[in-house]
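The residues making up each chain are set out below.
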Amino acid sequence: IEASTIISLENKYEFLTANSSNYGSGFFIDNFGNKWIATSNGLGKYQDGQISYYGKELINKECQTSIVYSDRLGNIWFDLHYTNQSNNKKVVKFDGEYYTIYGKELGLDNSYILAINEDNEHNIWISGFDNFCDKSSVTKIDNKNITKYGEKQGFKRYINTSVFQDSKKKYWFFGNKNLITKDTKNTILYEYRDLLDSNNIINDYAEDEDGNFWLATDKGVLKYDGNTFKNYTTNSGLDRGITGVIYDTINHQLWFSTLQGIVSISKEEINKQNPIVKQYNKKIGFDIEVPRPGSLHYDRQGNIWWNDNIKQWKFNYPAIKQQKKYPVKVKNILLENKNVSWVSLLLDQKKGTKDDSLSVLNETALKFNKNLTKEETRLMLEEFGDIRFDSIVGSDFIPVNLKIPFNNNNIRFEFASLSPSFAKYAQYQYLLEGYDKDWSSLNTKTEASFGNMHEGDYIFRVKSLDVLGNWSETSYTFTVLPPWYRTWWAYTLYALLFLGGLRVFSKWRERRLRYEKEQLQNKVEERTVELKKKSDELEYSLADLKSTQTQLIQSEKMASLGELTAGIAHEIQNPLNFVNNFSEVNKELLVEMKEEMDKGNLTDAKEIANDVIENSEKINHHGKRAGDIVKGMLQHSRSSSGIKEPTDINALADEYLRLAYHGLRAKDKSFNATMIIDFDESIGKINIISQDIGRVILNLITNAFYVVNEKKKLGIYNYEPTVSISTSSIQPSRTIGTGSSEGRIVQIKVSDNGGGIPPKILDKIFQPFFTTKPTGQGTGLGLSLSYDIVKAHGGELKVETKEGEGSTFTIQLPL
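Conventions adopted
- Residues numbered from 1 in each chain as written.
- Predicted model: local features only at pLDDT ≥ 70, side-chain atom pairs only at ≥ 80, totals over all residues.
- Heavy atoms only, no water.
- Core = buried A, V, L, I, M, F, W, Y, C linked by side-chain atoms within 4.5 Å.
- Buried < 20%, exposed > 50% of the residue type's maximum accessible area, 1.4 Å probe, protein only.
- Helix = DSSP H or I, 4+ residues; strand = E, 2+ residues; numbered from the N terminus.
- Contact = heavy atoms within 4.5 Å.
- Pairing = 2+ DSSP bridges.
- Axes fitted to C-alpha atoms, helices over the stretch in contact; angles between N-to-C directions.
- Parallel < 35°, antiparallel > 145°, perpendicular 65-115°, else oblique.
- Left-handed = near helix turned anticlockwise from the far one by under 90°.
- Nonpolar A, V, L, I, M, F, W, Y, C, P; charged D, E, K, R; others polar.
- Salt bridge = Lys/Arg side-chain N within 4 Å of Asp/Glu carboxyl O.
- Patch = residues over 30% accessible without salt bridge, like charges linked within 9 Å, V, L, I, M, F, W, Y side chains within 5 Å.
- Areas by Shrake-Rupley, 256 points an atom, 1.4 Å probe, with all protein chains shown as cover.
- Phe/Tyr/Trp six-rings, centres within 6.5 Å; stacked < 30°, edge-to-face > 60°.
- Lys NZ or Arg CZ within 6 Å of the ring centre and 35° of its normal.
- Arc of directions from axis to C-beta.
- Lys, Arg positive; Asp, Glu negative; His and termini not counted.
- Charge placed at Lys NZ, Arg CZ, Asp CG, Glu CD.

> Just to check I follow, could you spell out the nonpolar core for this structure?
Taken as a class, soluble globular proteins show a tendency for nonpolar side chains to be buried jointly. Of all hydrophobic cores here, the largest spans 41 residues; its most connected members are Ile 649, Ile 697, Phe 705, Ile 725, Ile 811 and Leu 813. Where this core is concerned, the elements lending two or more residues are helix 8 (649-667), strand 41 (685-688), helix 9 (690-712), strand 42 (722-730), strand 43 (745-752), helix 10 (782-792), strand 44 (796-802) and strand 45 (806-814). Excluding residues that lie within four positions of it along the chain, Leu 813 makes contacts with Ile 686, Ile 688, Ile 693, Ile 745, Val 746, Ile 748, Val 790, His 793 and Gly 795. By size, the runner-up hydrophobic cluster in this structure holds 32 residues, among which are Phe 389, Leu 402, Phe 460 and Phe 478.

As structure tokens, then:
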């Protein structure tokens, strides 16, 4: 039977036909490029437009062949199907000269043979069903043996429709609703039952160059990358009814057959998350039939072949790749949704209108499907007479350098691809630069409208995508003129009016400023007199403020002196009492000594004299003690010399602790507190102004005694007022005051267990005149003066407090 060729759509397809008594159901292209067809008349070989048949002597009216396969050695394998003997199916190997028949007598008893495949070791695998589809099995034929695999080897019913060994030498056993993978030792690796539901069927499989495995199923495409499966069910063309798949090593792309046609994915797109697919079907202009499941092949020229149960189709893909790229073109421009006779407008602008002009007739026939009457032309010229353009180009009469007035700013473009065969299947995207931000979505619309455009220059761009994946683009430039009130001469008029108004305003403003200047000068003179008066008052107030400040500071010093005096008075009382007591005792002893001398009792008189001498020494000691106390009081009361002298800081702290305590006891006999002393004896003497530092220590201790006494008055159960003072020498972590961070410093800490300082006033306690004591009990200068004295010594005065638990003031001085 001769092969006939049907030429359709620029010779992109051809197929082999058969008459009603001979049809082809199996097709295979061997490694030598030969095309083999399983027909009702036997095994056919298609070559040079002719089909040659083999095995006719094996074929009769009760025997047909439906499957054909070629192994790598060139042997052709096909089946013999006896229509009246359901259990007598055979497989034939044809080596080009001899036939080898495998049948039931050789252990091959498949009722239905579904597929013939070859593995990497040249073993032939035959898949099918036994006993009228009751059981499934796979038979392997090697050079020596025929081995059958069934349920005992893990193959369940309806599992085996085909066998494939991939590039990693792993076996894949396919079934309608499941698949199994095994290694070369026939050990089951995976069973993928969960991938396919009860209504899904595997139709075909393929491995690409990257080792990905692809499955074509009734419900989409499955891809296995060696680790996981991915289901492609939402991509256009890959969602339903995938009947076949092959990987084309000539064109380096995947081909899928579907219920609509065929689909391709290039190698560049295969590993993308959402690959771009190209479709070839009747909907987009390719008049091809639906391929039979598993029938896709490709030849050495890159043509794609398939079978539709009646014919063998050839898809001339190389010709498709060489398809000419056709441009896209603007076909018409409408304003206000109306066609415009651009030729008539141009002739009117040039004052040479001819109603019978051939160009006018051609254009109106093209755009209006009729010739315009004189009245219709007049009305069009009135409506669009303000439009300007330079010329008209092309057979579609498109104006060049179009300028449209603002009242005609609604424009519509009509465009189309110039492909003679696929124009109606093209898709388009457009963008109006100056109006749109993004391209439109891809669609089949061949027009685009834009309205209410602002004045300015615009570029209309349109792209077309044909069914072969070719893009074309064109553009059209035009201008929308501004309304009269936004033209250059209008802006010139606005500028002149503005300048005139500015001139008038300037004159008015000049007179106004002159008047305001006079008023301001009068106010300045009046204000100057007032300010001079207030300046005198402020100067007097400043002098009064300085005097008051001096008095407050002196008051603070006197308050401090009062505290000291009370303590000294109490302290000096003890030595004076000793002096008075020992003086009276000496007087009595002298009288007694005189009586003993009169009696001549010299021994007793000498003993009494010794007692007098001892008492005199005690009187002298306590007199000197009283003198030291008076000397310290005089030093504290007089102004500081400002000269630093070596001072025993431990002795100074101890003395002022006792003086402060006795001072408070002199005011309040009920006052009592526990005093804790912890002095570092290794400090020695430090250079300070002792009167000033003593005043600081006295102030801190006095405040500490005050706060613990106030807390005691609250009647807190088991509360014991406690004030502690300590000294220590430390190595600082940073520079203290003006001292070096390399030298040591001395710390004097005064702590109490009073009520603490509230956080909201903590940053105010060193401010002048700030006090929490009742009116008349404090000036608010004690801590401020103490802070300044410590700073003047190059040190720091810091405080740590916890409300309700007490405070610790720390004096840090360079050693």
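What follows picks up the thread again.
> Honestly, the pairing of strand 4 (residues 42-47) in this entry has me stumped. Any pointers?
Regular strands have side chains that alternate between both faces of the sheet. Taken across its 6 residues, strand 4 has 5 buried, putting it largely inside the fold. Where strand 3 (residues 35-39) and strand 4 come together, 5 bridges link them in antiparallel fashion. Among the inter-strand pairings, Lys 35 is bridged to a residue of strand 4, identified as Tyr 46. The hairpin turn running from strand 3 into strand 4, its antiparallel successor, is 2 residues long. Both strand 4 and strand 5 (residues 50-54) contribute to a ladder of 5 bridges, which runs antiparallel. Pairing of Tyr 46 across the sheet is with Ile 51, part of strand 5. As consecutive antiparallel partners, strand 4 and strand 5 are separated by 2 residues, and within that stretch Asp 48 has a phi angle of approximately 55°, a positive value.

> Sorry if this is basic, but what is going on with the packing of helix 8 against helix 9 here?
Relative orientation and spacing of two packed helices are given, respectively, by the angle between their axes and the distance between those axes. Where helix 8 meets helix 9, the closest approach of the two axes is 9 Å, and the angle between their N-to-C directions is 45°. In terms of axis orientation, helix 8 runs oblique to helix 9. The two elements helix 8 and helix 9 meet at a crossing, and its hand is right-handed. For the pair helix 8 and helix 9, the contacting residues are Ile 649, Leu 652, Ala 653, Tyr 656, Leu 657, Ala 660, Tyr 661 and Leu 664 in the first and Ser 690, Ile 693, Gly 694, Ile 697, Leu 698, Ile 701, Thr 702 and Phe 705 in the second. Taken together, the residues of the contact of helix 8 with helix 9 break down into 13 nonpolar, 3 polar and no charged.

> Please explain the pattern of salt bridges as it appears in this structure.
For side chains of opposite charge, pairing can occur when their charged atoms come near one another. A full pass over the atoms with the stated rule returns 22 salt bridges. A salt bridge links Glu 375 to Arg 378; its shortest N-O distance comes to 2.4 Å. Here Glu 375 pairs with Arg 378, and both are found in helix 5 (residues 374-384), just 3 residues apart, close to one helical turn. The exposure class of Arg 378 is partly exposed, given its relative accessible area of 37%. Ionic pairing is found between Arg 527 and Glu 530, a salt bridge with its closest N-O pair at 2.9 Å. Highlighted residues: Arg 527 and Glu 530, both in helix 6 (residues 488-598), separated by 3 residues, approximately one helical turn. On the basis of relative accessibility, which here comes to 39%, the residue Glu 530 falls in the partly exposed class.

> Looking at this model, I keep getting lost on the side chain of Glu 363. Mind explaining?
Looking at the secondary structure, you find Glu 363 in helix 4 (residues 358-368). In this structure Glu 363 comes out as buried when scored by relative accessible area, which is 0%. With residues near it in sequence (within four places) discarded, Glu 363 still touches Val 340, Ser 341, Trp 342, Val 343, Ser 344, Phe 368 and Phe 397.

> What should I look at first to understand a nonpolar patch on the surface in this one?
A contiguous nonpolar patch, built from Trp 484, Tyr 485, Trp 488, Trp 489, Tyr 491, Leu 493, Tyr 494 and Leu 497 and spanning about 990 Å² of accessible area, is present on the exposed surface. Locating Tyr 494 in the fold gives a position in helix 6.

> Just to check I follow, could you spell out the packing of aromatic side chains for this structure?
In the structure shown here, the tally under the stated rule is 50 aromatic pairs. For the ring pair Tyr 476 and Phe 478, a centre distance of 6.4 Å and an interplane angle of 25° mean the geometry is stacked. An aromatic cluster is defined as three or more aromatic residues linked by ring pairs; in this entry it consists of Phe 413, Phe 415, Tyr 428, Tyr 430, Tyr 435, Phe 450, Tyr 458, Phe 460, Tyr 476 and Phe 478. The ring of Trp 439 has Lys 463 sitting right over it, with the charged end atom 4.3 Å from the ring centre. The ring of Phe 406 carries the charged tip of Arg 486 above its face, separated from the ring centre by 5.2 Å.

> Whenever I open this one, helix 5 confuses me. Can you help?
Residues lying three or four places apart along an α-helix face the same way, a consequence of the helix completing one turn every 3.6 residues. If you check which residues of helix 5 are buried, you get Thr 377, Met 380, Leu 381 and Phe 384. Within helix 5, the buried residues cover an arc of 100° as seen down the axis, which keeps them to one side. Buried residues in helix 5 make contact with strand 30 (328-335) and helix 3 (342-349).

> How should helix 10 be read in this particular structure?
By the burial criterion, the buried members of helix 10 are Gly 782, Leu 783, Ser 784, Ser 786, Ile 789 and Val 790. Where helix 10 terminates, the next one or two residues include Gly 794, which has phi positive at roughly 80°.

> What is the right way to look at the sheet that holds strand 21 (residues 220-224) in this model?
Backbone hydrogen bonds hold the strands of a sheet together, and the pairing may be parallel or antiparallel. Strand order in the open sheet formed by 4 strands is 19-20-21-22, and the pairing between neighbours is antiparallel. Each edge of the open sheet is held by one strand with a lone partner, namely strand 19 (202-207) and strand 22 (229-232). The mean inter-strand angle of the sheet, taken between neighbouring strand axes irrespective of direction, is 20°. Note: strand 20 (residues 213-217) against strand 21, 5 bridges, orientation antiparallel. Directly across from Trp 214, in strand 21, lies its bridge partner Lys 223.

> Could you clarify how one ought to interpret the environment of Glu 289 in this entry?
Tracing the chain through its elements places Glu 289 in the loop between strand 26 (278-281) and strand 27 (297-298). Take Glu 289: its relative accessible area is 34%, and that puts it in the partly exposed class. Placed 29 residues apart in sequence, Glu 289 and Gln 260 show a C-alpha to C-alpha distance of 8.0 Å. Setting aside residues no more than four positions away along its own chain, Glu 289 makes contact with Lys 282, Trp 306, Asp 308 and Trp 313.

> Looking at this model, I keep getting lost on the environment of Leu 590. Mind explaining?
Looking at where Leu 590 falls in the secondary structure, it is placed in helix 6. For the pair Leu 590 and Val 612, spaced 22 residues apart in sequence, the C-alpha separation works out to 7.4 Å.

> How do you make sense of a negative patch on the surface when you look at a structure like this?
Taken together, Glu 584, Glu 588, Glu 592, Glu 595, Asp 598, Glu 607, Asp 611, Glu 614 and Glu 617 make up a surface patch of like negative charges. Those elements giving two or more residues to the negative patch turn out to be helix 6 and helix 7 (602-637). Take the negative patch: its biggest share by element is 5 residues, from helix 6. Take Glu 584: its relative accessible area is 52%, and that puts it in the exposed class.

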